[in-house]
Amino acid sequence: MQKMMLLGDEAFAQGVLDAGLSGFYGYPGTPSTEIGEYIQRSPQAKQRDVKRLWHANEKTAMEAAIGMSYAGKRAIVTMKHVGLNVAADPFMNSALTGASGGLIVAVADDPSMHSSQNEQDSRFYSKFAMIPALEPSNQQEAYDMAKHGFELSEKFHLPVMFRVTTRLAHSRAGVSRHEEVAENEMSKPTDPNQFMLLPAFARKKYKHHLEMQEEMVKASEESPFNSYFDGADKSLGIIACGLGYNYLMENYPDGCPYPIVKIGQYPLPRKMIEKITSECDEILMVEEGMPLVEEQLRGFLNNGIRIKGRMDGTLSWDGELNPAKVRAALGMPALPSKPMPEVMVGRPPALCVGCPHADSYKALRAAVVDKYGQGHIFSDIGCYTLGFMPPYKAINSCVDMGASITMAIGAADAGLFPAIAVIGDSTFGHSGITGLLDAIYKQANVVIVILDNDTTAMTGMQDSSVTGRLERICEGIGVEKDHIRVINPLSRMHDENVKVIEEEIAYEGVSVIIPRRPCIHVYSKKKRSGGEE
């Protein structure tokens, strides 16, 4: 079939479509978002009616994907690394329920924290759950691993993790496609108790899961994505995982003189590891993220061989891996580089010109910060987190999805007044509703500001599951109707908006204020298409 120029994310997305995908589930989060967007735009997906709408959060997406697998069809669920924390409950339990139709959990990690709160390494989750994991070294492998992942999932009746990192997710290369595979027919599990985790069943399932570990190791040893490359110089052996292998070979365009174990499938191929460590004087461990494989080497080798990597400082623990770091770890001289031109001036991130959040923050500053000082406004994750930056300096926290509301509750319990939460409409649907439910139950004295810009803006304008129903949700949960206030965040409405915020601060109870104005990009798009302004 034809060759396509694809991002790593897109290569995987095309791969699952060609491998008989029936359902995509996920929540947008950089650097994973393009997987879902590619499937949503795909004529192939539309023709086959592949299910492809975003979910409220990663947990609900994971559970829906398990449901499609239950019914015998192939499904994927996508998220970024911190999203896997949200989905951890069903993810961990899916290792015991297993899969019926092929199930791939695609997680995109973000080393160097380009757009994330931490450098979490999702491979630890796959090791914790004791399920197979795949990690591509290039875009072609990202495509090929999709079909292999479904086959692996259906062979072991387990979910399979697909782990990619920012650099591969967002870079392009040519990808050759294979013939399209037909979707599975709908079927119920052959074991009617497969998805029942009552303790009596779960204990048996766990024993069976442990018994399968050796089979999974054997599958890794036979995997086309794990390879042993011999080298003449045995003074050093190199174990390179995923994209780390690509970085390694950039430094050896004419071939590496040292033996290499290339790892793209987990659990570790033990025989290959034992071979390279028995032949070489010392080992360099090249892996993107945390020293997961390095820790395992130190644990099961125990033969005195020196292992170099992140744990001994040969490679830095934090930040992205890159060819220059690998080059330094190999003891090779740095390549010549040119200083950055003076014209390239760093620019801090900022809200877009015309963003409705700007006027919301101006009103919040006037009603809260100017009157009570800093330290009263808790925020969440989205474009509006930029309210921390000048000229607004209006917010004081960003911890995880939904934490603004619950942190405001705890601060109010401690006596902080006023306690204000700022959360976006999509984030409210993701993780804020349960926090609001807590606020109502506790009768907390908090003001919750839900910034409604009609889209999931930060990750690329995806639809939100709460659009058009925020007031009904809040009232249904128990917020008094008179204290659900919708305002228009425009500069000409500034004084009126400040007054509304002040009135709700004065109210002893739970208030919800909804500043509502479309994201400037949504507005521009509607204007260009002739829609409503």
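The structure this text deals with has already been given above.
Here's what I pulled together on the structure shown here.

Procedures and definitions
Residues numbered from 1 in each chain as written. Predicted model: local features only at pLDDT ≥ 70, side-chain atom pairs only at ≥ 80, totals over all residues. Heavy atoms only, no water. Buried < 20%, exposed > 50% of the residue type's maximum accessible area, 1.4 Å probe, protein only. Helix = DSSP H or I, 4+ residues; strand = E, 2+ residues; numbered from the N terminus. Pairing = 2+ DSSP bridges. Right-handed = clockwise from strand over helix to strand, strands pointing away. Axes fitted to C-alpha atoms, helices over the stretch in contact; angles between N-to-C directions. Contact = heavy atoms within 4.5 Å. Nonpolar A, V, L, I, M, F, W, Y, C, P; charged D, E, K, R; others polar. Core = buried A, V, L, I, M, F, W, Y, C linked by side-chain atoms within 4.5 Å. Polar contact = N/O pair within 3.5 Å; in protein donor to acceptor, adjacent residues only side chain to side chain. Salt bridge = Lys/Arg side-chain N within 4 Å of Asp/Glu carboxyl O. 1 Å grid on protein atoms, 1.4 Å probe; cavity = no way out; pocket = protein on both sides within 12 Å on 5 of 7 lines; lining within 4 Å. Points joined across faces, edges and corners; volume = space filled by probe spheres on them.

### Some remarks on the pairing of strand E16 (residues 446-451)
For step 1, the next point in the chain: Burial within E16 is extensive, with 6 of its 6 residues counted as buried.
For step 2, the next point in the chain: Of the two faces of E16, the one carrying Val446, Ile448 and Ile450 and the one carrying Val447, Val449 and Leu451 are both buried.
For step 3, the next point in the chain: By the bridge criterion, 5 bridges tie strand E15 (residues 420-424) to E16 in an arrangement that is parallel. Bridge pairing in E16 places Gly424 opposite Leu451.
For step 4, the next point in the chain: Chirality of the crossover, the property in question, places the unit of E15, helix H18 (residues 425-442) and E16 among those that are right-handed.

### Brief notes about unusual backbone geometry
For step 1, the next point in the chain: With an omega dihedral of 15°, the bond running from Thr30 to Pro31 counts as a cis peptide bond.
For step 2, the next point in the chain: Here Pro31 is to be found in the loop between strand E2 (21-26) and helix H2 (33-41).
For step 3, the next point in the chain: Omega for the peptide link from Pro390 to Pro391 comes to 10°, which places this bond in the cis form.
For step 4, the next point in the chain: With respect to the helices and strands, Pro391 occurs in the loop between strand E14 (377-378) and helix H17 (403-413).
For step 5, the next point in the chain: The phi dihedral of Met113 falls on the positive side, at around 55°, and the residue is not glycine.
For step 6, the next point in the chain: Within the secondary structure, Met113 sits in the loop between strand E4 (103-109) and helix H7 (123-129).
For step 7, the next point in the chain: The partly exposed category is assigned to Met113, whose relative accessible area is 38%.
For step 8, the next point in the chain: A positive phi angle, close to 45°, is found at Lys393, a residue other than glycine.
For step 9, the next point in the chain: Along the polypeptide, Lys393 turns up in the loop between E14 and H17.

### Considering the packing of helix H10 (residues 199-211) against helix H11 (residues 213-221)
For step 1, the next point in the chain: With their axes 4 Å apart at the nearest point, H10 and H11 run at an angle of 35° to one another. Here His209, Leu210 and Glu211 of H10 come into contact with H11, specifically with Gln213, Glu214, Glu215 and Met216.
For step 2, the next point in the chain: Here the residues of the contact of H10 with H11 sort into 2 nonpolar, 2 polar and 3 charged.

### Side note on the nonpolar core
For step 1, the next point in the chain: Counting 57 residues, the largest nonpolar core has Phe12, Leu21, Ile39, Ile76, Phe162 and Ile238 as its most contacted members.
For step 2, the next point in the chain: No other element matches helix H8 (residues 139-156), which puts 7 residues into this core.
For step 3, the next point in the chain: What Ile76 contacts, discounting residues up to four positions off in sequence, is Phe12, Val16, Leu21, Gly23, Phe24, Tyr25, Ile35, Ile39, Ala65, Ile104 and Phe150.
For step 4, the next point in the chain: Within the second largest apolar cluster, 51 residues are counted, among which are Cys355, Ala411, Ile487 and Val510.

### Topic: helix H1 (residues 8-18)
For step 1, the next point in the chain: Within H1, 11 of the 11 residues are buried, leaving the element largely enclosed by the surrounding structure.
For step 2, the next point in the chain: If you check which residues of H1 are buried, you get Gly8, Asp9, Glu10, Ala11, Phe12, Ala13, Gln14, Gly15, Val16, Leu17 and Asp18.
For step 3, the next point in the chain: At the C-terminal side of H1, Gly20 shows a positive phi close to 90°.

### Re the side chain of Lys80
For step 1, the next point in the chain: As for its placement among the helices and strands, Lys80 is situated in strand E3 (residues 74-80).
For step 2, the next point in the chain: At a separation of 2.8 Å, a polar atom in the side chain of Lys80 contacts the side chain of Ser116.
For step 3, the next point in the chain: Among all residues touching Lys80, those that are not within four sequence positions of it are Gly29, Thr30, Pro31, Ser32, Val107, Ala108, Ser115 and Ser116.

### Overview of the sheet that holds E4
For step 1, the next point in the chain: Strand order in the open sheet formed by 6 strands is E2-E3-E4-E6-E5-E11, with mixed pairing between adjacent strands. Edge positions in the sheet fall to E2 and strand E11 (265-266), since each of these pairs with one other strand and no more.
For step 2, the next point in the chain: As defined by bridge partners, strand E5 (residues 133-134) adjoins E11 across 2 bridges and the pair is classed as antiparallel. Each residue of the ladder has a partner; that of Ala133, found in E11, is Tyr266.

### Section: the pattern of salt bridges
For step 1, the next point in the chain: One pass over the structure, following the stated rule, counts 29 salt bridges.
For step 2, the next point in the chain: One salt bridge in this structure joins Arg365 and Asp370, with 3.5 Å as the shortest N-O distance.
For step 3, the next point in the chain: Assessed through its relative accessible area of 23%, Arg365 is described here as partly exposed.
For step 4, the next point in the chain: Members of the salt-bridge network, linked through shared partners, are Asp109, Asp121, Arg123, Glu135, Arg163 and Glu287.

### Let's talk about the pairing of strand E18 (residues 510-515)
Across a regular strand the side chains alternate sides, sitting on one face of the sheet and then on the other.
For step 1, the next point in the chain: The element E18 is extensively covered by neighbouring structure, given that 6 of its 6 residues are classed as buried.
For step 2, the next point in the chain: Burial along E18 is two-sided: the residues Val510, Val512 and Ile514 and Ser511, Ile513 and Pro515 are all buried.
For step 3, the next point in the chain: Both E16 and E18 contribute to a ladder of 4 bridges, which runs parallel. Considered in E18, the bridge of Ile448 is made with Val512.
For step 4, the next point in the chain: The pairing of strand E17 (residues 484-487) with E18 spans 4 bridges and is classified as parallel. Bridge pairing in E18 places Ile484 opposite Val512.
For step 5, the next point in the chain: Handedness of the crossover joining E17 and E18 through helix H20 (residues 494-506): right-handed.

### Section: the sheet that holds E18
For step 1, the next point in the chain: Spatially, E14-E15-E16-E18-E17 is the arrangement adopted by the 5 strands of the open sheet, whose pairing is parallel. Unpaired on one side and paired on the other, E14 and E17 mark the two borders of the sheet.
For step 2, the next point in the chain: Sitting on the sheet, H18 is in contact with E15, E16 and E18, with an inclination near 145° to E15.
For step 3, the next point in the chain: Sitting on the sheet, helix H19 (residues 470-477) is in contact with E16, E17 and E18, with an inclination near 165° to E17.

### Points about empty space enclosed by the protein
One water molecule sets the probe size; rolling that probe over the atoms shows where empty space is left.
For step 1, the next point in the chain: For the coordinates displayed, the defined rule picks out 3 cavities of 30 Å³ or more.
For step 2, the next point in the chain: The volume enclosed by the largest cavity comes to roughly 60 Å³.
For step 3, the next point in the chain: At the level of secondary structure, the elements contributing two or more residues to the lining of the largest cavity comprise helix H16 (356-372), E16, H20 and E18.
For step 4, the next point in the chain: At 4 residues, the largest contribution of residues to the lining of the largest cavity is made by H16.
For step 5, the next point in the chain: Within the lining of the largest cavity, the residues separate by chemical class into 9 nonpolar, 2 polar and 1 charged.

### A few points about the layout of surface pockets
For step 1, the next point in the chain: Each pocket or cavity is described by its volume, and for the largest pocket that value is around 1,000 Å³.
For step 2, the next point in the chain: Along its surface, the largest pocket is lined by 45 residues, and Ile381, Gly382, Cys383, Thr385 and Met458 are the ones closest to its centre.
For step 3, the next point in the chain: Contributions of two or more residues to the lining of the largest pocket are made by helix H5 (81-86), H16, H18 and helix H21 (520-529).
For step 4, the next point in the chain: Considering every element that reaches the lining of the largest pocket, the biggest residue donor is H5, with 4 residues.

Scope: geometric values only; no functional claims are made or implied.
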